[in-house]
Amino acid sequence: MNSKMLCCTVFGSLIATAALAVTDADNACIDHLREVGGPDGKSGTIESSMGSEAGTLVMLRDAGNTLWRCIAYKDGTIGEMSVVDAADDGQGAMSGSDGATTQQRVKFAAGSTGAELTGTLQPGASGQYVLGAKNEQFLYVRVAPRNGALDYVIRNPDGSELLGLMTSEKEYRGQLWQTGDHVVEVINRGSSSVEYNVIFGIE
């Protein structure tokens, strides 16, 4: 694994020089934060950046002191943008709340092998759904936006990816190879809120 650590590289109105060694992944995360982070996301600092063959994890702190976690891939796409530590804006709301990540455990009704849930994601936000399942069972996932577009990713209990970033146009059906809590994360990378249904099945 190749890693690079940056401390407090400023982005915003300043133009980064070559000496700062800002990568394409860093720039992709900065651009995405500018889109979804509101006024505070227009400037800030890169707290750290660690790259590997799979992708680059970039930690950004915006002008409102909210810490963001961003995963960027080599093709410039963003796999995740979420708030790690939100700063209070002094009015009872959290700065950067549009990029928040929520988590919900999926429960099936007695005798049922499936469940359907509904949700709404603000721009830059994501929703994580946790499902307990066993090795060799089959998992089915369908994300159905009512407006706009969404992406999703599925992670194994050990944190590795079962399914990399996928558009909601494609459903997933496949066999599991680990036992434990699997996480399906639905991500809104657009500029407007999206209402959606998400359907799960385990057999």
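Residues numbered from 1 in each chain as written. Predicted model: local features only at pLDDT ≥ 70, side-chain atom pairs only at ≥ 80, totals over all residues. Heavy atoms only, no water.

### Section: unusual backbone geometry
Located in the positive-phi region is Asn65, a residue other than glycine, with phi close to 75°. Here Asn65 lies in the loop between β3 (56–62) and β4 (67–72). Judged by its relative accessible area of 44%, Asn65 falls in the partly exposed class. In the Ramachandran plot, Glu136 falls in the positive-phi region, its phi being about 80° despite a non-glycine side chain. Its location among the elements puts Glu136 in the loop between β8 (126–133) and β9 (138–145). (Helix = DSSP H or I, 4+ residues; strand = E, 2+ residues; numbered from the N terminus. Buried < 20%, exposed > 50% of the residue type's maximum accessible area, 1.4 Å probe, protein only.)

### A few points about the sheet that holds β8
Pairing within the open sheet is mixed, and its 5 strands lie in the order β6-β8-β13-β10-β11. Strand pairing shows two members of the sheet lacking a second neighbour, β6 (101–105) and β11 (161–167), which therefore form its edges. Ignoring strand direction, the axes of neighbouring strands in this sheet form an average angle of 15°. Summarising the sheet, strand β10 (residues 151–155) and strand β13 (residues 180–187) pair through 5 bridges and their orientation is antiparallel. Bridge assignment links Arg155 to a residue of β13, and that residue is Val183. (Pairing = 2+ DSSP bridges. Axes fitted to C-alpha atoms, helices over the stretch in contact; angles between N-to-C directions.)

### Observations regarding the state of the cysteines
Going through the model one piece at a time under the given rule, you end up with 1 disulfide. Note that Cys29 is cross-linked by a disulfide to Cys70, the S-S spacing being 2.0 Å. Across the S-S bond of Cys29 and Cys70 the torsion is about -80°, and the bridge reads as left-handed. With Cys29 in helix α1 (residues 24–36) and Cys70 in strand β4, the pair connects residues that are 41 residues apart, well separated along the chain. We note that Cys29, like Cys70, is buried. (Disulfide = S-S within 2.5 Å.)

### Re the sheet that holds strand β7 (residues 114–121)
Here we have 4 strands laid out as an open sheet, ordered β7-β14-β9-β12, and antiparallel in their pairing. Sheet topology places β7 and β12 (172–175) at the edges, where each strand pairs with a single neighbour. Within this sheet the neighbouring strands show an average axis-to-axis angle of 15°, counted without direction. Direction of pairing for β9 relative to strand β14 (residues 194–202): antiparallel, over a ladder of 7 bridges. Across the sheet, the residue bridging to Val143 is Val198, located in β14.

### A look at empty space enclosed by the protein
Over the atoms, a rolling probe the size of a water molecule traces out where space has been left empty. Within this structure, the stated rule accounts for 1 cavity of 30 Å³ or more. If you add up the space inside the largest cavity, you get close to 40 Å³. Sort the elements by how many residues they give to the lining of the largest cavity and strand β5 (residues 78–85) lands first, with 4 residues. Looking at the lining of the largest cavity residue by residue, the class counts come to 3 nonpolar, 4 polar and 2 charged. (1 Å grid on protein atoms, 1.4 Å probe; cavity = no way out; pocket = protein on both sides within 12 Å on 5 of 7 lines; lining within 4 Å. Points joined across faces, edges and corners; volume = space filled by probe spheres on them. Nonpolar A, V, L, I, M, F, W, Y, C, P; charged D, E, K, R; others polar.)

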